[in-house]
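Now for the letters of each chain:
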2 protein chains.
Amino acid sequence: MTLRHRIDVAAGRTPADLLLTNARVVSVFADSIHRTSVAIADGVVVGFGDYRARRTIDLKGAYLSAGFTDSHIHIESSLLTPAAFARAVVPHGTTAVVADPHEIANVEGAAGVRWMIRASAGLPLTVNIVLPSCVPESNLVTSGARLTAHDLKKLTKLPRVIGIGEVMNYPAVIAGTRAILEKIRLIPGMRVDGHAPGLTGKALAAYIVAGIHSDHESTTAREAREKLADGLHLMIRQGTTEKNLSELASIVTPANAHRCCFCSDDRSAHDLIANGHIDDILRSAVAEGIAPITALQMATNNAPYYFRLKRRTGAVAIGYVADLVVLENLKNFRAQMVFKGGTLVAREGKLVVPCTPKQQPRVHNSMHVKGLAAERLVLRTRKRRARVIRITPHQIITREEIVDVTPVNGIVAADPSRDLLKLAVIERHRASGRMGVGLVRGFGLKRGALASSVCHDSHNLIVVGASDVDMIAAARALIASGGGFAIAAGGKKRARLELPVAGLMSNASAEVVSEKLADLNRIAVSLGSAVDEPFLALSFLALSVIPELRLTDRGLVDARIMKRTAVFL
Amino acid sequence: MTLRHRIDVAAGRTPADLLLTNARVVSVFADSIHRTSVAIADGVVVGFGDYRARRTIDLKGAYLSAGFTDSHIHIESSLLTPAAFARAVVPHGTTAVVADPHEIANVEGAAGVRWMIRASAGLPLTVNIVLPSCVPESNLVTSGARLTAHDLKKLTKLPRVIGIGEVMNYPAVIAGTRAILEKIRLIPGMRVDGHAPGLTGKALAAYIVAGIHSDHESTTAREAREKLADGLHLMIRQGTTEKNLSELASIVTPANAHRCCFCSDDRSAHDLIANGHIDDILRSAVAEGIAPITALQMATNNAPYYFRLKRRTGAVAIGYVADLVVLENLKNFRAQMVFKGGTLVAREGKLVVPCTPKQQPRVHNSMHVKGLAAERLVLRTRKRRARVIRITPHQIITREEIVDVTPVNGIVAADPSRDLLKLAVIERHRASGRMGVGLVRGFGLKRGALASSVCHDSHNLIVVGASDVDMIAAARALIASGGGFAIAAGGKKRARLELPVAGLMSNASAEVVSEKLADLNRIAVSLGSAVDEPFLALSFLALSVIPELRLTDRGLVDARIMKRTAVFL
């Protein structure tokens, strides 16, 4: 099909492919709703009004909006492949996301980014890519890969790459470090997303001046207002655990909404199934008092416009790609139908087209571990005090807790009676045999062990346990399955969620992943787990850039000073 | 200066170049006004608040906005060079324009576009360029040049070229003509401005689908609303003769303003001096009920954002170029100071920096006329009726009038007693000797003749007169001066405004041009002229694409059917 054909249809000389009649078209450009018909040719909206068409669908007065875009998401956080993710979100009206494949990049580097691009080709969801800017997170941990500005440059030419992903290393930016500035300035005019939690005043100014264009980390209205006035585009985050909309909705006005859009950052498979995706955010936005057309503008047009996408998308307008969603009303935002490039892809919450990538990219085992043996978990000391990682409920920060210990024959063991568990981070990318061992409080496990290959940001193998034997059993179960989550007790594997794609993503559906994870959580509770989402909590304990105390494969890290430290003192 | 330096200043490690204190900063991003100080380094806004600086200016509570942008203008219409134009508008707060050098391109082709770019380098005004898409206007006239898609492609690499200028040949677009589509699709993602007066429904849809992004020709609210909903960016025009703001202001809402901006299209030197430029439009906009911050958003941020300019401009925000204007209030929008890239360039209506191009490009005589003799103006016929061009007051459309004539010895002469004047269009680009001669009514001249080398769009030499002798005298006066406007009477030149740059632009200041033109108009009135702006009216009589009747160097044209026709019938 050619441009000439679309012009012919628009001009009424040739019939359209599809005519959607009796639509209440929401125009985020005109700030209005029109009752009309919408003609589609070659996957593009070509006209409004009375057209001849080969096929007609009567929308019976339902609202017609552009499909929704998530402006910033890590698909890996759902534990789903892009195809399974698409199957979960497209029926909710999402037709595009901007994905930062930051997790798989930490495991597999450029190959991981390429995997994500290939695995999302040909889906009924446009997976735009922003390139991970901070791989690895720091020098205090062994990641599977390192992405320099030079590496990223080569990736900018790949399909659907539209920008640079959240620049998390803001201290380096503010300090004017050359390596990070090179990444920010990679392609003139390309968008560079920010990540500036709590940053304010001169530090925020320095970060923006360096070439950052957006931020999705505001948690207070005051913070968001400063960022907006300073010139950042606001991505209002409403994820599974991080929910900022109710705090930030008050600062959105019709006149500044064009600088705001929505993102989920991280949404679990369960959340996607149970609550939805951008439709869920729209419900909340309107409930918080944002005008429906304004909320839809934020959910549809503002991300494509911010990212300066060349193809016209994000509005029900002429010449725009016919990514459309038919909504029952502008309150529940229930998607009755979803069109992708003019094709009906979902109806009444069900996908009605295949949803597999053009070519399923190869998945290879990413678990490379050497020298795993129970004796390597042993903590030996003559000292009597230990630095223990204290989990903070519902937050990713941890506290340093100084705890008295009583070595027996020079060995400190886990002591579940005092909620003192062993924690190990096992390097799993290069079979270096590197392993860090420490102590953690707050998990509550009375027996058994939990292991995970999802372990931010470097995704080594992390294991927490009440016994060394169970820790080894859980770790071995994971290594055998190519990664995932595992629970062991009594020296044996009890349950497992396999995540064979980079140790991060399942090959199963959102429903299966969600169920299996629920099972694992139930078993964890039966073993004494005191946290709601033990695998989520576990996955953050190696993140060396977040205070106070962390454990990596290189040992205990005091993240307040970004230095290694000793377990015993 | 480096990015590193700007980061250091933003972070407070190094003093700023300039600090503007006690500013009421208008944030078109946050939809708010903040009282703060603004730090500038290396021509860029780097921070808000308390900064050390090498120089401080106390704004004493005045409003600080980004400088204004005219989203669509033909600088040639002011009869001024870019430098003289800049001298006129910068003191009014304009810091950028998007110029379509369509007039000079019709005379000199690619060389004319290059001239415009060179002549505007290094001014305290950013002259962005959109490439003229419709040169020549039609095949019914001889232009000085022809610009194909291939020619335009080469020009896209020149400095400050940001898009394709108004695609006036909408019938060709709607018909899907290949040559015009090639121009529209020249560079993926590059903006293509439209020109669709009165276009509606399917014709408008076809025009937009082809790849048009904006329009500045709406004259009614209904028309503008349809274009906005269809997906076009609206450039609301408020020129010297075409004034659409009061009609269109009612459709602008805070929620759709992000799709709207201002343009002047054509503003005369006199208008610029007497009334101003975008500041004048802002006064009208606020008087028409548009909220001041919304009006400023339209005047500052929306054009750069629409055009996807790579450098951040159009807002008082961090990382944005310090093109700033200090405003007494948000009602009269009087510019107390204007900063360009952080340098004070105008104060209290006066330019305080030099305003000449880096290198004044060469101007060569563009008047190439052969075989100019009184006998060639003679109209011979044996018929008794003539097709006469009837001027419509205050409009550029003309009417066809069938008038009885009485040839004397087979010759039809001008008859001022019946307001029947002779009109000649003399080819002046290639010395082809081609000349069209016809009759016109509505000018009112009792004696003498007016000649102009400004003659849309091909800018041949056009002469109207009550006597052939005076017509030749006026034309000769123009040829001698390299083009311009001239009046002759009694067989001699009476007055002249020299426009030696392509026969379109003066080397004088706006004040001088304005005065000289006023003189010419007074003399025209003394000769009987019945139209307010006789040279403006004259300049449109050869425009072969506007109905009904036109005269070109190839003869009389019926623009309703785009065909040549005979004067006598």
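Look above for the structure.
A quick note: this is a predicted structure, and the numbers were derived from the prediction, not measured.

Draft legend 1. Layout of the nonpolar core. The biggest cluster of nonpolar side chains holds 185 residues, and the ones touching the most others in it are Leu 439 and Phe 443 of chain A. Ignoring any residue separated from it by four or fewer positions in sequence, one finds Phe 443 of chain A in contact with Ile 391, Asp 419, Leu 421, Val 464, Gly 528, Ser 529, Ala 530, Val 531, Pro 534, Ala 537, Leu 538 and Leu 541 of chain A. The next biggest cluster of nonpolar side chains, apart from the first, holds 184 residues, and it includes Ala 10 of chain A together with Cys 134, Ile 251 and Ile 391 of chain B.

Draft legend 2. Molecular detail of helix α2 (residues 82-89) of chain B. Residue and element names in this part refer to chain B. Of all eight residues in α2, seven are buried; the element is thus mostly enclosed. Of the residues making up α2, those classed as buried are Pro 82, Ala 83, Ala 84, Phe 85, Ala 86, Ala 88 and Val 89. The inward-facing, buried residues of α2 contact β6 (68-73), β7 (94-99), α4 (110-119), α11 (269-274) and α16 (510-526).

Draft legend 3. Fine view of the side chain of Gln 238 of chain B. Residues and elements named next belong to chain B. Along the chain, the position of Gln 238 falls in the loop between β12 (233-237) and α10 (245-248). Since its relative accessible area comes to 9%, Gln 238 is described here as buried. A distance of 3.2 Å separates a polar atom in the side chain of Gln 238 from the backbone nitrogen of Asn 244. Here Gln 238 is in contact with Lys 243, Asn 244, Leu 245, Cys 263, Ser 264, Arg 267, Ile 281 and Ser 284, once residues within four sequence places are set aside.

Draft legend 4. Molecular detail of the packing of helix α12 (residues 278-287) of chain B against helix α13 (residues 292-300) of chain B. Residue and element names in this part refer to chain B. Where α12 contacts α13, the axes come no closer than 10 Å and their chain directions differ by 150 degrees. Considering how the two elements wind past one another, α12 and α13 form a crossing that is right-handed. Each of Ile 278, Leu 282, Ala 285 and Val 286 in α12 lies in contact with α13, whose residues at this interface are Pro 292, Ala 295, Leu 296 and Ala 299. The residue makeup of the contact of α12 with α13, split by class, is eight nonpolar, no polar and no charged.

Draft legend 5. Spatial organisation of the pattern of salt bridges. All names here are of chain B. Here the structure, examined in full by the defined rule, presents 54 salt bridges over all chains. Between Arg 387 and Glu 400 there is a salt bridge, with its nearest N and O atoms 3.4 Å apart. Taken together, the positions of Arg 387 in strand β19 (residues 385-391) and Glu 400 in strand β20 (residues 398-404) put the pair 13 residues apart, joining distant regions of the chain. With a relative accessible area of 17%, Arg 387 lands in the buried category. Glu 400 gets classed as partly exposed once you look at its relative accessible area, which sits at 25%.

Draft legend 6. Spotlight on the relation of the copies chain B and chain A. Its rotation angle being 180 degrees, the transformation that places chain B on chain A also includes 0.0 Å of axial translation and leaves an RMSD of 0.1 Å. In symmetry terms, the pair is related by a two-fold rotation axis. Looking at chain B, 100% of its interface residues are interface residues in chain A too, so the copies touch through the same face.

Draft legend 7. Focus on the pairing of strand β27 (residues 492-498) of chain A. Residue and element names in this part refer to chain A. Pairing between strand β26 (residues 484-489) and β27: six bridges, direction antiparallel. By the bridge assignment, Phe 485 is partnered in β27 with Leu 497. Between β26 and β27, which pair antiparallel one after the other, the connecting turn spans two residues, and Gly 490 there sits at a positive phi close to 60 degrees.

Draft legend 8. Structural detail: empty space enclosed by the protein. In this structure the tally under the stated criterion is eight cavities of 30 Å³ or more. Estimated volume of the largest cavity: approximately 120 Å³. Considered class by class, the residues forming the lining of the largest cavity number four nonpolar, five polar and five charged. Considering only enclosed or pocket space, the second largest cavity measures out at about 100 Å³ in volume. Around the second largest cavity sit Arg 191 and Arg 308 of chain A together with Asn 301, Pro 304, Tyr 305, Leu 309, Arg 311, Arg 312, Thr 313 and Tyr 320 of chain B, which together line it. Looking at side-chain class alone, the lining of the second largest cavity contains four nonpolar, two polar and four charged residues.

Draft legend 9. Focus on the interface of chain B and chain A. If you look at the interface, chain B gives 63 residues, while chain A gives 63 residues. Interface area, chain B with chain A, both sides summed: about 5,000 Å², of which 59% is carbon and sulfur. The tally of links between chain B and chain A comes to zero salt bridges. Those elements that provide at least two residues to the side of chain B that touches chain A are α1 (3-10), β3 (44-48), α6 (170-174), α8 (201-209), α9 (221-230), α13 and α14 (302-306) of chain B. By residue class, the composition of the side of chain B that touches chain A is 33 nonpolar, 17 polar and 13 charged.

Draft legend 10. The sheet that holds strand β30 (residues 563-564) of chain B, seen in detail. All names here are of chain B. One open sheet accounts for three strands, arranged β28-β29-β30; its pairing is antiparallel. If you trace the sheet from one side to the other, it starts and ends with β28 (549-552) and β30, each paired once. Where β28 and strand β29 (residues 555-558) come together, four bridges link them in antiparallel fashion. In the strand pairing of β29, Leu 549 is matched with Asp 558.

Rules behind the numbers
Residues numbered from 1 in each chain as written. Chains lettered and ligands numbered in written order. Predicted model: local features only at pLDDT ≥ 70, side-chain atom pairs only at ≥ 80, totals over all residues. Heavy atoms only, no water. Core = buried A, V, L, I, M, F, W, Y, C linked by side-chain atoms within 4.5 Å. Buried < 20%, exposed > 50% of the residue type's maximum accessible area, 1.4 Å probe, protein only. Contact = heavy atoms within 4.5 Å. Helix = DSSP H or I, 4+ residues; strand = E, 2+ residues; numbered from the N terminus. Polar contact = N/O pair within 3.5 Å; in protein donor to acceptor, adjacent residues only side chain to side chain. Axes fitted to C-alpha atoms, helices over the stretch in contact; angles between N-to-C directions. Left-handed = near helix turned anticlockwise from the far one by under 90°. Nonpolar A, V, L, I, M, F, W, Y, C, P; charged D, E, K, R; others polar. Salt bridge = Lys/Arg side-chain N within 4 Å of Asp/Glu carboxyl O. Least-squares fit on C-alpha atoms with pLDDT ≥ 70 in both. Pairing = 2+ DSSP bridges. 1 Å grid on protein atoms, 1.4 Å probe; cavity = no way out; pocket = protein on both sides within 12 Å on 5 of 7 lines; lining within 4 Å. Points joined across faces, edges and corners; volume = space filled by probe spheres on them. Buried area = accessible area lost by both parts, 1.4 Å probe.

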